Amino acid sequence: MVVVISTFTADGHVVPSAHSNSSLSTGCFGTMMEEDELEFVEDLDAILHLTPEVQLAIEQVFPSQDPLDRADFNAVEYINTLFPTEQSLANIDEVVNKIRLKIRRLDDNIRTVVRGQTNVGQDGRQALEEAQKAIQQLFGKIKDIKDKAEKSEQMVKEITRDIKQLDHAKRHLTTSITTLNHLHMLAGGVDSLEAMTRKRQYGEVANLLQGVVNVLEHFQKYMGIPQIRQLSERVKAAQSELGTQILADFDEAFPSQGSKRTGGPSMVLRDACLVANVLDPRIKQEIIKKFIRQHLSEYLVLFQENQDVAWLDKIDRRYAWIKRQLVDYEEKYGRMFPEEWCMTERIAVEFCHITRTELAKLMRTRAREIEVKLLLFAIQRTTNFEGLLAKRFSGSTLNASPGKRPETPLEPTNPFLEDESGDDNASEKDEDLDRPKKPKAPDNPFHGIISKCFEPHLYVYIESQDKNLGELIDRFVADFRAQGPPKAGTEDGGAVLPSCADLFVYYKKCMVQCSQLSTGEPMIALTTIFQKYLREYAWKILSGNLPKTTTNSGGLTITSLLKEKEGSEVAKFTTDELCLICSVLSTAEYCLATTQQLEEKLKEKVDTSLMERINLTAEMDTFSTVISNSIQLLVQDLDAACDPALTAMSKMPWQSVEHVGDQSPYVTSVIVHIKQNVPIIRDNLAATRKYFTQFCIKFTNSFIPKFINHLFRCKPVSMVGAEQLLLDTHSLKTVLLDLPSIGSQVLRKAPASYTKIVVKGMTRAEMILKVVMAPHEPSVVFVDNYIKLLADGNPETFQKILDMKGLKRSEQNSMLELFRQRLPTPPSGPDSGPSLSFSAPTPEQESSRIRKLEKLIKKRIQ
C-alpha cells in the first residue's frame, strides 16, 4: 500500500502533501500543495495543538470513538483506511460529500456556541452591578439597625442606673449583716469556749468548737483587722489548752505505771474523744498511742524474753491473751472511743507488730533450739491467727498504725490447693503439722504481719526437706531392689514407676507449704532442693536401673545359620529387661512433662522479682537424656541381635549360588528377632507412641547402613547370587516398612517420615545389587548405569561394587579411571555442594522393577 500524507483545506477538499516513490496507480493523489496553503496548515496545526492533560480532560468529558477526535490523529492512516485499494476510489465523491456535511455541521455548532457567548459578558456585568447595589442597600439597613440598638442600650442604662445602685447597696448591706452576725457568733463562741474549757464541759465544747472553727474560716480575708486577729489567736489558744487538758485527763485516767482505773471509762473521756476529733490530728494520735501502749504493757511483762511462755511451743498463749484483751476492751471501753477510730483493730495491729519484733529477737537468741516441727507449729498457729484477724477486721488502720506495714503478699494461684483436702493422707507422725494449710484469702491484709519474722529461720525447714527427700530417694532405691523391675505381661509392665508419682506428690506438698510460709528467698532455696533430687532420681532410679549392655563375642556360623530354626535365637535383653527399659522411658517422659509444670507453678508462687531465678531446664534435659539412652538401648539390643545374621550373610558363598529360591536363612533370622522384640516394645510404649516411632526410626537408621556395609562384604557375587540378594533385600524392605505394626492385630499406617527413611535406604541397597547384576562390558555403559542408578560420585563406593563383581585389579583400575572421566562436572559457585547429586529413580519405579524381578525368579524356579 502507498502511504499518502494529506490534509484538509479550508473549504473541505482533500489535498495530498507528499507521497512515496511507489507508483500512483495504487490509489494516491498526484498534485502538490502550494506554499501559501502549506503555511496555513502549519499555522493551523500550531494553533490547535493541545497539551496531554487538556486532551485527557476532553476525552473524559466527551468520550468518542471517532478517529478524527483522537489526539494522535494521522490523516494519512485515516485516508488509507477510507481508500485501502484502488477500486475504493470509485466512491471518493460520496466520501467527500459526507466529510463536507460533517464539516458544515461542526461549523453550525461552533457558530451557535460562539453566538451564544456573545452576550455573556454584558449579562455578567449587569448582574454584578445589581449585586453591588443590593449589598450597599444591605449595609445601609445594618447601620440603621446598629444605631437604633445603641440608642436603645443607652435608654436602658439610664433607666436601670438607679436600680443597679440599689442592688449594690442591698448586696453590701447583706454582706455586712452576715459578717456582723458571724462576728457576734464568733465573739460569743470564743467566750463560751473558754468558759466551758475551764469547766471541762467536753460534750458542749465538741459541738461549739466545730462551729467556731467553721465561722472563723469566713474571716480569713479579714485577718488584717486587729480585733479579728485577736479572736483567731484566742481560738487557737483554746484549742491548745483543750489538747493539753484532754491529754492530762487521759494520763490521769490511764497512768503509764500502775493498774487501770477500776471505775472504768467516764462520760468525760468519751466527750473528750469527740473534742479530739476536732482538734489537731496529733492529739488524737497521741491519745491512741498512749492508750494502746498502756493497754499492752501487761503483755510485754508476761511474755518477756526470759519467760517460759515466750517460747514458740507456747505461742498459742500469746494469741489467747490478746483475744481476751480484745473482748475485755469491747466490754469496758467499746463505747468510750468513737467507732471510726477502730480502736479494737489498732490494738490488734500493735500487738502484731510487738509480737513480730519480740519473736524475731527471741528466735535470734535461741536459734539453735528451733526444730522443724516446732517452727511449723508456730507458723501454723500464727497464720491461723492472721486469718482470724482478716475475718474480724478490714485492715483499714494498717497504713496509719504505728510501725511498718507488712508487705502485701502475692495472690495465691496454686492449682494444687483446690484438691488438698482429702488427697494428702500421709502416714507420717504429727500429720497436723506437716499437712499444708488451707489457702488464705487473696485479700487478707494481715498476711505476714507476724509470720514474716519466721522467714529468716526457714532454712531449718529447707534443711529438713532436703533430709526428707534424701531419705525418700534412698527408700525408692531400696524398694526397687526389693520388689524388682516390672514384670512383662503384668499391669506394671512398661508403666510409669510408682515412685515417680510419690516424688511429685511430695514436691507438691512442699511447694504449697513453703509458698504459704514465704514467697521470697526460701522458695528459691526449695527450688534448688527440688533440682538436686530430680537429678538424683534421674540417675539413681532411672539410669541406675537400666540393664547394662554386654559384649557378645560369639556369632552364628554359616552352617549354624542354615540349620537355624525359626524362633530359636534369643535376644540379648530378656523380655523383663525390655519391659524395664520401656518403663524407665515412660517414667522419664512423665518426669519431663511434670517438671515443666512444676517450673510454671513455682514461678506463679514466687515473688515477681525472683521469677528469673527459677529454671529447671537442666533437669528437663536430664530426663530427655534418660529417654534418649533408653531408646538407644532398645535399638542396640535389636541391632546386636541382627548382627550375627548379617555376618553370616557376608560369609555366604554368593558366587556359587546356582538358583534363586525363597528368602535366605539370615533374612528369616532377622525377621524372627524383629518379631520377638518390636511387639514387646510397642505394647509397653503404647502410652508414649511418639517414642516408639523414634525407636523405629533410630533402628532403621542404624540397621540399613549396616546392612549395606555387609552387602559390600559379599564378594564375589555371581549374577544368580545378586538376584538372590536382591530378593532378600526386598523382603527386608517389606518387613521394615511394616515394622511399626508388625505382630499387631490393629493395622496402623506407618508415619510418613519413617516410610521415607526406609524407602530411601533400602532403595539404595537395591540399586547397588542392580549395578552388580549388570554386565561390566562395555565399560562405558556400565559406568553410566552406575552413575544413573546410585547417584554416588564417591570412587570408594564404586571400588566396592567392582570388588563384589570379582573383577581383576587391572580391570578395576581401568574402570576407576573411566569412572572419574565420566563423572559430571560439579557446578561452580557458592551454591555448589561438596558432593555430586544425581536424579535417582523414584520408589514407584523401583517397586515395579522389583515385581518384574520376582516374576522372573518364579519362572526360573518353575
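You'll find the structure just up there.
Residues numbered from 1 in each chain as written. Predicted model: local features only at pLDDT ≥ 70, side-chain atom pairs only at ≥ 80, totals over all residues. Heavy atoms only, no water.

Just to check I follow, could you spell out the overall build of the chain for this structure?
Per the secondary structure count, the chain includes 28 helices and two strands. Within the chain, the fraction of its 862 residues that count as buried is 41%. The contacts in the chain between residues at least 6 apart in sequence include a share of 79% that link residues at least 24 apart. (Helix = DSSP H or I, 4+ residues; strand = E, 2+ residues; numbered from the N terminus. Buried < 20%, exposed > 50% of the residue type's maximum accessible area, 1.4 Å probe, protein only. Contact = heavy atoms within 4.5 Å.)

For this particular structure, what's the right way to read the nonpolar core?
Across soluble globular proteins, nonpolar side chains show a tendency to be buried alongside one another. F250, F337, F454, Y537, F695, F703 and F707 are the most contacted members of the largest nonpolar core, which totals 183 residues. Leave out the neighbours within four places in its chain, and F695 touches I631, L634, V635, L638, V678 and I681. (Core = buried A, V, L, I, M, F, W, Y, C linked by side-chain atoms within 4.5 Å.)

Whenever I open this one, helix α15 (residues 459-483) confuses me. Can you help?
Residues that lie three or four places apart on an α-helix share one face, since the helix turns once every 3.6 residues. Helix length check: α15, at 25 residues, gives a terminal C-alpha distance of 36 Å against a target of 36 Å (1.5 Å per residue), a fit within 8%. Buried-residue contacts for α15 involve α13 (372-392), α16 (498-517), α17 (521-542) and α19 (575-605). (Expected span 1.5 Å × (residues − 1).)

Would you mind going over the pattern of salt bridges with me for this structure?
Side-chain pairing between opposite charges can occur once the charged atoms of the two side chains come close. In the structure shown here, the tally under the stated rule is 21 salt bridges. The partner of R111 in a salt bridge is D108, and the shortest N-O contact between them spans 2.8 Å. With R111 and D108 both in helix α4 (residues 92-116), this residue pair falls three residues apart, about one helical turn. On the basis of relative accessible area, D108 is assigned to the partly exposed category, the value being 37%. Between E521 and R613 there is a salt bridge, and its shortest N-O distance comes to 2.7 Å. Of this pair, E521 sits in helix α17 while R613 is found in the loop between α19 and α20 (617-651), placing the two residues 92 residues apart along the sequence. Residue classification places E521 among the partly exposed residues on the basis of a relative accessible area of 42%. A residue is classified by how much of its surface remains accessible, and R613, at 48% relative accessible area, is partly exposed. (Salt bridge = Lys/Arg side-chain N within 4 Å of Asp/Glu carboxyl O.)

Looking at this structure, I do not really get the environment of L818. What am I missing?
Tracing the chain through its elements places L818 in helix α27 (residues 809-822). Distance from L818 to D784, taken between C-alpha atoms, is 9.8 Å for residues 34 residues apart in sequence. When residues no more than four places from it in sequence are discounted, the contact partners of L818 are S779, V780 and V783.

Sorry, what's going on with the packing of α16 against α17 here?
Angle between the axes and distance between the axes: these two values describe a pair of packed helices. Across the interface, α16 lies against α17 with an axial gap of 11 Å and an inter-helix angle of 175°. Here α16 is positioned roughly antiparallel relative to α17, judged by the angle of their axes. For the pair formed by α16 and α17, the contact residues are S499, C500, L503, F504, Y507, C510, M511, C514 and S515 on the first element and P522, M523, L526, I529, F530, Y533, L534, Y537 and I541 on the second. Classifying every residue of the contact of α16 with α17 gives 16 nonpolar, two polar and no charged. (Axes fitted to C-alpha atoms, helices over the stretch in contact; angles between N-to-C directions. Parallel < 35°, antiparallel > 145°, perpendicular 65-115°, else oblique. Nonpolar A, V, L, I, M, F, W, Y, C, P; charged D, E, K, R; others polar.)

Honestly, the side chain of T587 in this entry has me stumped. Any pointers?
Structurally, T587 is set in helix α19. Among the residues examined, T587 registers a relative accessible area of 0% and is labelled buried.

I keep staring at the state of the cysteines and nothing clicks. Help me out?
Each disulfide is one covalent bond, formed between the sulfur atoms of two cysteines. Throughout the structure, instances matching the rule amount to zero disulfides. No disulfide involves C500; its nearest neighbouring cysteine sulfur is the one of C591, lying 3.1 Å away. For C500, a relative accessible area of 0% translates into the label buried. (Disulfide = S-S within 2.5 Å.)

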